[in-house]
Amino acid sequence: MRNALAALALLAAGPALATGLEIQVEGEANGTIQIDLFEDVAPKHVEQITALAADGQYDGVVFHRVIEGFMAQTGDVEFGKAGGDMSMAGRGGSARPDLPAEFSDLPFDRGVVGMARSQSPNSANSQFFIMFDAGHFLNGQYTVVGKVTGGMDVVDAIKRGAGQNGSVIGQPDAMTKVTVTE
């Protein structure tokens, strides 16, 4: 029994498996973005986006809303596919259910990844955004799911929106391939 407890203690002391995303971006920005996902902070949201990524649903989805000095939003797997009618981009989600909010004390600093939602705090589904700069007015209002750990230069190069509410006019940059990493 003592050996079993010692083995369990060693396992518990070891590093936790970190889940992340690797996003290949093409357009005005070209390169790879690495994101560390915070499964200990927002487990339901991380499970949702990793399931969508593993299923290939994020592949070919554009950054449809990009606001200078604020954030780049993507992840509309319903209406946000490159080459489609972009007039609906940002209004869709996935076939999976919406998620209850998982708010935390983590601040929305540069490089933080948050879940987009509608007016209801419990409406996040597939869309997410990456912060260009701090946006602490979002703290406690949106779910933090991760942070960029590599490729912030690629994030900074994403084509900015010039339309209403930051919508991208013309050809938006796209996530050509999104892979779940360990």
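Q: Quick one: what's the story with the confidence of the model for the chain, residue by residue and with numbers?
A: The pLDDT averaged across the chain works out to 91; a share of 90% of its residues lies at or above 70. Scored below 50 in pLDDT, residues 1–16 shows zero contacts in the model against residues more than four places distant or in partner chains.

Q: Describe helix H2 (residues 43–54), with residues and values.
A: In an α-helix, one turn spans 3.6 residues; hence positions three or four apart end up facing the same way. In this model, H2 (twelve residues) spans 16 Å end to end at C-alpha, consistent with the 16 Å of a helix rising 1.5 Å per residue. Those residues of H2 lying buried are His45, Val46, Gln48, Ile49, Thr50, Leu52 and Ala53. The elements touched by buried residues of H2 are strand E1 (20–26), strand E2 (31–37), strand E6 (112–115), strand E8 (144–150) and strand E9 (174–181).

Q: Outline the pairing of strand E7 (residues 128–131), supporting the account with residue identities and numerical values.
A: Neither face of E7 is open: one carries Phe128 and Ile130, the other Phe129 and Met131, and all of them are buried. Here strand E5 (residues 71–74) runs beside E7; their pairing, made up of four bridges, is antiparallel. Residue Thr74 lies in a different strand from E7, and its bridge partner there is Phe128. The pairing of E6 with E7 spans three bridges and is antiparallel. Residue Met115 lies in a different strand from E7, and its bridge partner there is Phe128.

Q: Requested: an account of the sheet that holds strand E4 (residues 65–67), with residues and values cited.
A: Read from one edge to the other, the open sheet built from nine strands follows the order E3-E9-E1-E2-E8-E6-E7-E5-E4, with strand pairing classed as antiparallel. Each having just a single partner strand, strand E3 (61–62) and E4 make up the two edges of the open sheet. Strand direction decides the pairing type here: E3 and E9, joined by two bridges, are antiparallel. From the neighbouring strand, Val62 faces E9, where its bridge partner is Ala174.

Q: Mind laying out the packing of aromatic side chains, listing which residues take part and the relevant values?
A: The full count for this structure, using the stated rule, is four aromatic pairs. Seen in terms of ring centroids, Phe108 and Phe129 are 5.7 Å apart; in terms of plane orientation they differ by 20 degrees. Their pairing is stacked. One end of the pair, Phe108, is in the loop between E5 and E6; the other, Phe129, is in strand E7, and 21 residues separate them in sequence. Residue classification places Phe129 among the buried positions, given a relative accessible area of 5%. When the ring of Phe129 is compared with that of Tyr142, the centres are 6.0 Å apart and the planes differ by 80 degrees; the resulting orientation is edge-to-face. Separated by 13 residues along the polypeptide, Phe129 in strand E7 and Tyr142 in the loop between E7 and E8 bring together distant segments of the chain. For Tyr142, a relative accessible area of 22% corresponds to the partly exposed category. Through a chain of ring-to-ring contacts, the aromatic side chains of Phe108, Phe129 and Tyr142 assemble into a single cluster. Over the ring of Tyr142 we find Arg117; its NZ or CZ atom is 4.2 Å from the centre of that ring.

Q: Explain the nonpolar core to me, using residue names and the numbers behind them.
A: In this structure, Ile23, Ile33, Ile35 and Tyr58 are the most contacted members of the largest nonpolar core, which totals 33 residues. With four residues, the top contributor of residues to this core is H2. Sequence-distant contacts of Tyr58, that is, excluding residues within four places in its chain, are made with Ile49, Leu52, Ala53, Gly75, Val77, Ser126, Phe128, Met175 and Val178. Counting ten residues, the second-largest nonpolar core is a separate cluster that includes Met71, Phe108, Ala116 and Phe129.

Q: Give a description of the layout of surface pockets that names residues and reports values.
A: The space that makes up the largest pocket amounts to roughly 730 Å³. In terms of lining residues, the largest pocket is bounded by 30 residues, among which His64, Arg65, Gln73, Gly90 and Gln127 are the most central. Taken together, the residues that form the lining of the largest pocket break down as twelve nonpolar, 14 polar and four charged.

Q: Describe the side chain of Asp76, listing the residues and the values that go with them.
A: Along the chain, the position of Asp76 falls in the loop between E5 and E6. For Asp76, which is buried and forms no salt bridge, the nearest opposite charge comes from Arg91, at a distance of 7.9 Å. Within the structure, the side chain of Asp76 is placed 2.8 Å from the backbone nitrogen of Phe79, a separation counted as a polar contact.

What counts, and at which threshold
- Residues numbered from 1 in each chain as written.
- Predicted model: local features only at pLDDT ≥ 70, side-chain atom pairs only at ≥ 80, totals over all residues.
- Heavy atoms only, no water.
- pLDDT = per-residue confidence, 0-100.
- Contact = heavy atoms within 4.5 Å.
- Helix = DSSP H or I, 4+ residues; strand = E, 2+ residues; numbered from the N terminus.
- Expected span 1.5 Å × (residues − 1).
- Buried < 20%, exposed > 50% of the residue type's maximum accessible area, 1.4 Å probe, protein only.
- Pairing = 2+ DSSP bridges.
- Phe/Tyr/Trp six-rings, centres within 6.5 Å; stacked < 30°, edge-to-face > 60°.
- Lys NZ or Arg CZ within 6 Å of the ring centre and 35° of its normal.
- Core = buried A, V, L, I, M, F, W, Y, C linked by side-chain atoms within 4.5 Å.
- 1 Å grid on protein atoms, 1.4 Å probe; cavity = no way out; pocket = protein on both sides within 12 Å on 5 of 7 lines; lining within 4 Å.
- Points joined across faces, edges and corners; volume = space filled by probe spheres on them.
- Nonpolar A, V, L, I, M, F, W, Y, C, P; charged D, E, K, R; others polar.
- Lys, Arg positive; Asp, Glu negative; His and termini not counted.
- Salt bridge = Lys/Arg side-chain N within 4 Å of Asp/Glu carboxyl O.
- Polar contact = N/O pair within 3.5 Å; in protein donor to acceptor, adjacent residues only side chain to side chain.

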